[in-house]
Amino acid sequence: MIDHVSVGVSDLQRSRRFYDAALGPLGLVRTVDFEGRGSDYGAMPGSLGVEFTITVEDGGLSPSRGMHLCFRAPDHAAVRAFHAAALAAGGRDDGGPGLRPHYHPDYYGAFVIDPDGHRIEAVCHAPQTPAIA
């Protein structure tokens, strides 16, 4: 349904370092740099692989508290690695890795705030054990 999402950043180099670190454990890498204007991230190289973009925005940023971006993780270990890498790269904790059964019994997520105040999450929906039918 959604091809890609973009967020504005105030310091491109700082945001590249943050997103390189945070998205790496999820299998997303920086694929394209736009000469000082932004960067694309995705699981496949080239313009068809773009899933997430950061762009430099002049005039200050005002992230909406009600908006957040959620990236799918392949397993619980990737969620934990995302959270640890994001914090080490300058993010702030907004909810550590763990089950969120109020969403559904197998919802395992972690939440961070990026250096510009954007709320981002990694989630794994896979059950720890197979369902019994």
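Report on the accompanying structure. (Residues numbered from 1 in each chain as written. Predicted model: local features only at pLDDT ≥ 70, side-chain atom pairs only at ≥ 80, totals over all residues. Heavy atoms only, no water.)

What follows is about helix H1 (residues 12-23). The end-to-end C-alpha separation of H1 is 16 Å, in line with the 16 Å expected for 12 residues at 1.5 Å each. Looking only at H1, the buried set comprises Leu12, Ser15, Arg16, Phe18, Tyr19, Ala22 and Leu23. Seen along its axis, H1 keeps its buried residues to an arc of 170 degrees; they face one direction. Between a side-chain oxygen at the N-terminus of H1 and the backbone nitrogen of Gln13 the separation is 3.2 Å; the capping residue is Asp11. (Helix = DSSP H or I, 4+ residues; strand = E, 2+ residues; numbered from the N terminus. Expected span 1.5 Å × (residues − 1). Buried < 20%, exposed > 50% of the residue type's maximum accessible area, 1.4 Å probe, protein only. Arc of directions from axis to C-beta. Polar contact = N/O pair within 3.5 Å; in protein donor to acceptor, adjacent residues only side chain to side chain.)

Turning our eyes to something else, we now look at the packing of aromatic side chains. Within the structure shown, the criterion is met by 6 aromatic pairs. Ring centres of Tyr19 and Phe52 lie 5.0 Å apart, and the angle between their planes is 55 degrees; on these two criteria the pair is classed as tilted. One end of the pair, Tyr19, is in helix H1; the other, Phe52, is in strand S4 (residues 50-56), with 33 residues separating them in the sequence. Here Tyr19 matches Phe52 in class, with each residue buried. (Phe/Tyr/Trp six-rings, centres within 6.5 Å; stacked < 30°, edge-to-face > 60°.)

Strands belonging to one sheet form pairs held by backbone hydrogen bonds; the direction of such a pair is parallel or antiparallel. With mixed pairing, the 4 strands of this open sheet are ordered in space as S5-S8-S7-S6. Whereas interior strands pair on both sides, the edge strands pair on one side only; in this sheet they are strand S5 (68-72) and strand S6 (92-99). Geometrically, the sheet is characterised by an average inter-axis angle of 15 degrees between neighbouring strands, direction not taken into account. As paired elements, S6 and strand S7 (residues 108-113) share 5 bridges and run antiparallel to each other. Each residue of the ladder has a partner; that of Gly95, found in S7, is Phe111. Along the sheet, helix H2 (residues 76-88) makes contact with S6, S7 and strand S8 (119-124), crossing S7 at roughly 10 degrees. (Pairing = 2+ DSSP bridges. Axes fitted to C-alpha atoms, helices over the stretch in contact; angles between N-to-C directions. Contact = heavy atoms within 4.5 Å.)

Structurally, Glu121 is set in strand S8. Polar side-chain contacts of Glu121 include one of 2.6 Å to the side chain of Tyr107.

Quick look at the pairing of S7 now. For S7, the tally of buried residues reaches 6 of 6 residues, placing the bulk of the element in the interior. Taking every second residue as pointing to the same face, both faces of S7 are buried, with Tyr108, Ala110 and Val112 on one and Gly109, Phe111 and Ile113 on the other. Direction of pairing for S7 relative to S8: antiparallel, over a ladder of 6 bridges. Within the sheet, the bridge partner assigned to Ala110 lies in S8 and is Ala122.

Time to look at the environment of Asp116. On the secondary structure map, Asp116 appears in the loop between S7 and S8. By relative accessible area, Asp116 is classed as buried at 12%. Sequence-distant contacts of Asp116, defined by excluding residues within four places in its chain, comprise Gly8, Val9, Ser10, Arg14, Ser15, Leu61 and Pro63. Within the structure, the side chain of Asp116 is placed 2.5 Å from the side chain of Ser10, a separation counted as a polar contact. Within the local environment of Asp116, its side chain forms a polar contact with the side chain of Arg14, the two groups lying 3.1 Å apart.

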